[in-house]
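# Inside the fold
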Amino acid sequence: MESDPRPGHAAEIHKDRSMVLQKEMIARHYERLERAPQCGDPVVYTFVPGNLTELIRSFGALPVLPEINALQSGMRGRSRDFIAAAERAGHSEDVCTYVKCDIGMLMSGNIGPTGTRLPPPDLLLLSYTGCYTFMKWFELLREQYNCPTVFLQVPYQGDGRLAPEHRRYIADQIRSDLIPALESITGRGYDEDRLRANLTLAREAEDDLVAVLSSAKHRPSPIDAYFGGVYYVGPIFSAFRGTAEGVEYYRELRREVEARVAAGLGPVTPDGPLNDQRFRLVVEGPPNWTHFREFWRMFSDEGAVVVASTYTKVGGTYDLGFRHDPDDPLGTMADYCGGCYTNLNLPTRIDMLVRYLHEYQADGFLINSVKSCNSFSAGQLMMLREVEQRTGIPGAFIESDLVDPRYFSAANIKNRIESYLQMLTARRKSSQP
Amino acid sequence: MTARAEVVDWALARYHDLEFSVAREWLAEQPSRHACGYLPVYAPREVIHAAGMLPVGIHGVGDQLEIIRGDAFYQSYICHLPRSVLELAQSGRLGFLSAVLFPSTCDVIRNLSGMWQLLEPQTYVRYLDLPHQHGLDLGERFWEGELRTLLADLSRISGRAVTDADLWRSIELYSEVRRLVLELYRVRRDEPWRVPTEELYPLLRAGEVVPPEVFLTQGRAYLEAVAGEPGRIRDNSRVIVVGSFCEQPPLGLIKTIERAGCYIVDDDFLLGNRLIQGDVVTGGPPLRGLAQAFVHHAMKTSVLYEPDPAGKRRLMKERVAAARADGIIFAAASFCDPALLDRPMLRAGAEAEGIPCIAFKYAENSGQFQQFREQAGTFSDGLKLWGGG
C-alpha cells in the first residue's frame, strides 16, 4: 500500500501483487540492461508492434523498446525537456514526439526512465510494422550508434488480410537476414528448440492476457481496459513475452481479476476501486502519457470504465484469436507482425470497434486522437462517423498527444468528456419507457 | 504566340484543370477504356498502361479549390494533401477513375487507402507496399509478386488479357518518358535560364494527367523551342529544392523562389516520374525487369529505407555536386513526416560539408509568399556574397 501524495487524495492506494511483480520485473530488466556492457549481454533495440522478443531472447539478447522508454519518460515528467532538446537540435515541431523524446533522452546521456543508463544497441532491429515513422526513427538512431541495422519489412494489410505471399516474405526475411544478424552479434547459433520453448511460454501468457481483457464483459467490469489495460499489456508488449517471468505475471494477474469478478468488484483506479460503473466505454487511440492519471481520473470521477480499447492491441491482436504457434516458429512470427493493430487497414479497425461495442455492451466510444501518431490518427474522424452509423451509438472525439505536455489541454478535454457523458445520460433517459 | 509559349500555355491549362478533361476525353473516345489514379510518390505506370488503362496522377488541388468536405475528415495536424484529394473525390471530380493506387509514402496516404475503400466502394483500391529490401533477391521477388497481383487485378477491370509484349511496350514507352524528363532536368541544370522551373513544373504536372504519347510530343516540342531561343542569363544563385516530393508546392512558391534570385537546378517535385534511374533491363520476364529496376535503381528518397548508414549524410553533398548547386532549400509541406523526419539527417550532412541551407514549410494552398521571398532572396544574396557549397 502506498500513500497518494496529492492534496485531497490522501487515501491509501491498494497495490495488487501483479502490480508489484511488474514493477520488480521492469526494474530488474533495466538494471540488467545497465549491466549489459559489463556482462557481455547483447542488446537489441526494436519496436513494440512486430517485436520478436522470443527470437531475440532465444539468442540470449536483451530487448530495448524505445516507445516504452518514451512513454515512461512522459509519465515521469521528463519528456518535456527531452523534446525541447531534440527540437533545439533541428527536429521539427510537427513530427512524432516519441522520436523526439527518445532522441532528446539520448542527447541527455541516455538515462532511462528508471534512472539507470541504457546500453547502446548491438543491433537495431527495425521491425517495420504499422508505422512509417519507425523507419526514420532508426535511421536517426543509427547515426548515433556504430551497430548493424536489420530492416524487417512487414507488409500492411491493405486488403484486410495478411496475404500468403506477404507471410512468406516476412518469414524469409527473418530466416535470411535477421537470424544471421543475431547469430553474428551474439556469437550463438540459431536454436529452434529454444525458440519453440519461448513461443510456448508466450502462448501461455497470451491465453491469460485474453482472459483478463475479456473479463471486462462482466458487470461491473473488473478491469479498466484502457488505463489499466496499458499496464496489463506492458510485460507482453515489451521484454517479457516468451519468458517465465511473463507467464508468472499473467497467471497472477488473471487470478486477481477472476477474484474481482467473483467478488463483483471493479478495477483499482488512481482513487481506489471503481465499483459504481455508470458508463461502459470503448476507446480508440493511444493515451496521453504526460497527464496519465489526471486523464484517467476524468473518466473514473464520472463512473466511466473502459471495457475495451484498441491501443492495447498495438503489440498483438490476441483477442482476435492469434496465438504464437511453437510448431511453426517463423510463420507464427510473421502472422504476429502482420496482425498488429496499426498494421490493419481502416475498415478492419472500424470492424473491431463495432465488435467491441457489441461484445462488451458498451454505452459509448471515445477517440483520443494524438497529434504525434498519423498511423493511428489519420482517418479517425471517418472511423468516428462510420462507427456511429453502424451502431447508432454516438462517439466522442478529443485531441492530445503522446508525450508532449504542450498538447494536453486538461480543461478542454475534461469539458468534452463531461459533455459527452451527460449526453449519454440524456440519451439513456430518453430511451427509457 | 511562340512554340514555347504554346507548350507552356497547354501545360498550365492541364495544371489548372481540376476536371481532368484530357483524361475524360480519352475515356470518351472508347467506352471500354478505363483510367487508374495514383497518389504520390511512386506508382508503376507501366503496369497500369499495359492493362489498358490511363495512369492519372492525383497530386492535390493547390490553392485552386476551397476545401470544405476534405477538412471534415482530418484533424488540424494532418497535412493538406489528403484533404484536397478527398475534396476532389467527394465533389465527383475523380468519378472517372476505375481504380486508385496508394503507394507506401507515409501513414496518411496509407490510411487514406482504407478511407477510399469505404467512401468509393465501386472503385478498385490498392495499397502499394514498395519494397525496402535492397540488394536482396527477397525485395525483387516481393515487388515482382506485388506487380503481378496489381496487373492481374487491373486486367480484370479493363478486360484486357496482357501479354509480355504488351508489358514491354509499356515499359519502353515509360522509359521514353523518363528519358525525356531527365533530359528536361539536364537542360535546366546546365542552362537554367532557358528552362525556368515555373515552366518545367507545369509541364511535368501535365505529364501526370495526359496519355504518355501526348506528354512526349509536348515535352519534345518544348525542348526544341527552348534550344532555339538564346535565353537571358541572370545573376542568380543555383539551388536545389529538397523535401517537396509528396504534397506539391504551389506554383506561386516556385515562382517566388526563382524571382527571389535562385535558379532551381534540381528538385524532388513529382519524383515518381523519374524515381527509377535508367532503363529497365530487357531479356527476362518484364515484371521481373521492372522489379529489379526499382529495387536496384530507385533514387534515394525519404519514402524508402536507406540501407547505408552514411547514406543520408552523404546524399546532399552528392546531389549538390551533381547539380553544381550553391546551396539547398529544404522546402517541406507542413506535417509531412517523411520530409521533416529526414531533414535533420540531410541538413546535418549538408552543413558538415559547408553547404549553405535554408528551410521552410509550406502547404499546397499557401497563398502568401512574402516570407518565402524574403528568405529565398536573402539566401540567394548570401550565396552570391559569400559563396556556396
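Calculation rules
- Residues numbered from 1 in each chain as written.
- Chains lettered and ligands numbered in written order.
- Predicted model: local features only at pLDDT ≥ 70, side-chain atom pairs only at ≥ 80, totals over all residues.
- Core = buried A, V, L, I, M, F, W, Y, C linked by C-beta atoms within 7 Å.
- Buried ≥ 20, exposed ≤ 12 C-beta atoms within 10 Å, placed from the backbone.
- Helix = DSSP H or I, 4+ residues; strand = E, 2+ residues; numbered from the N terminus.
- Contact = placed C-beta atoms within 7 Å.
- Pairing = 2+ DSSP bridges.
- Axes fitted to C-alpha atoms, helices over the stretch in contact; angles between N-to-C directions.
- Nonpolar A, V, L, I, M, F, W, Y, C, P; charged D, E, K, R; others polar.
- Right-handed = clockwise from strand over helix to strand, strands pointing away.
- pLDDT = per-residue confidence, 0-100.
- Parallel < 35°, antiparallel > 145°, perpendicular 65-115°, else oblique.
- Left-handed = near helix turned anticlockwise from the far one by under 90°.

Our next topic: the nonpolar core. Among the nonpolar cores identified, the biggest contains 257 residues, and Leu126, Leu281, Val282 and Val307 of chain A together with Cys36, Val239 and Ile328 of chain B are the most heavily contacted of them. The element that contributes the greatest number of residues to this core is helix α8 (residues 192-214) of chain A, accounting for eight residues. Beyond its immediate sequence surroundings of up to four residues, Val282 of chain A is in contact with Val307, Ala308, Ser309, Leu353, Tyr356, Leu357, Tyr360, Ala362 and Phe365 of chain A.

So, on to the sheet that holds strand β5 (residues 237-242) of chain B. Residue and element names in this part refer to chain B. Spatial ordering of the open sheet is given by β6-β5-β7-β8, a layout of four strands whose pairing is parallel. Either end of the sheet is taken by a strand with one partner, and the two such strands are β6 (262-267) and β8 (357-362). Looking at each pair of strands side by side, their axes are set apart by 30° on average, direction ignored. Where strand β7 (residues 327-333) meets β8, six bridges bridge the pair, whose relative direction is parallel. Of the residues in β8, the one forming a bridge with Phe330 is Ala359.

Taken together, the contacts link 38 residues of chain B with 40 residues of chain A. Within the residue set of the side of chain B that touches chain A, elements represented by two or more residues are α5 (107-119), β4 (124-128), α6 (137-158) and α13 (337-352) of chain B. Among the elements that make up the side of chain B that touches chain A, the one with the highest residue count is α5 of chain B (nine residues). Split by residue class, the side of chain B that touches chain A holds 19 nonpolar, nine polar and ten charged.

On to the pairing of β4 of chain B. Residues and elements named next belong to chain B. Most of β4 sits inside the fold, with four of its five residues counted as buried. In this sheet, β4 lies alongside strand β3 (residues 99-103) in parallel orientation, the contact comprising five bridges. Bridge pairing in β4 places Leu101 opposite Arg126. Read as a crossover between parallel neighbours, the route from β3 over α5 to β4 is right-handed.

Scored by pLDDT, chain B comes out at a mean of 96, with 99% of its residues at no less than 70. Here the prediction assigns the complex a pTM of 0.96, and the interface score ipTM is 0.96.

The residue Arg80 of chain A is located in helix α4 (residues 79-88) in this model. As for Arg80 of chain A and Thr114 of chain A, which are separated by 34 residues in sequence, their C-alpha atoms are 17 Å apart.

So, about the confidence of the model for chain A. When the pLDDT values of chain A are averaged, the result is 95; 97% of them are 70 or greater. Ignoring residues within four places in sequence, the model shows residues 1-10 of chain A, a span with pLDDT below 50, making 14 contacts including any to other chains.

In a pair of packed helices, the angle between the axes and the distance between the axes together describe the arrangement. Residue and element names in this part refer to chain A. For the pair helix α14 (residues 346-359) and helix α16 (residues 380-391), interaxial distance at closest approach is 10 Å and the crossing angle is 45°. The orientation of α14 with respect to α16, classified from their angle, is oblique. In this structure, α14 crosses over α16, and the sense of that crossing is right-handed. Across the interface between the two elements, Leu346, Arg349, Ile350, Leu353, Val354 and Leu357 from α14 touch Met383, Glu386, Val387, Arg390 and Thr391 from α16. Residues of the contact of α14 with α16, tallied by class, amount to seven nonpolar, one polar and three charged.

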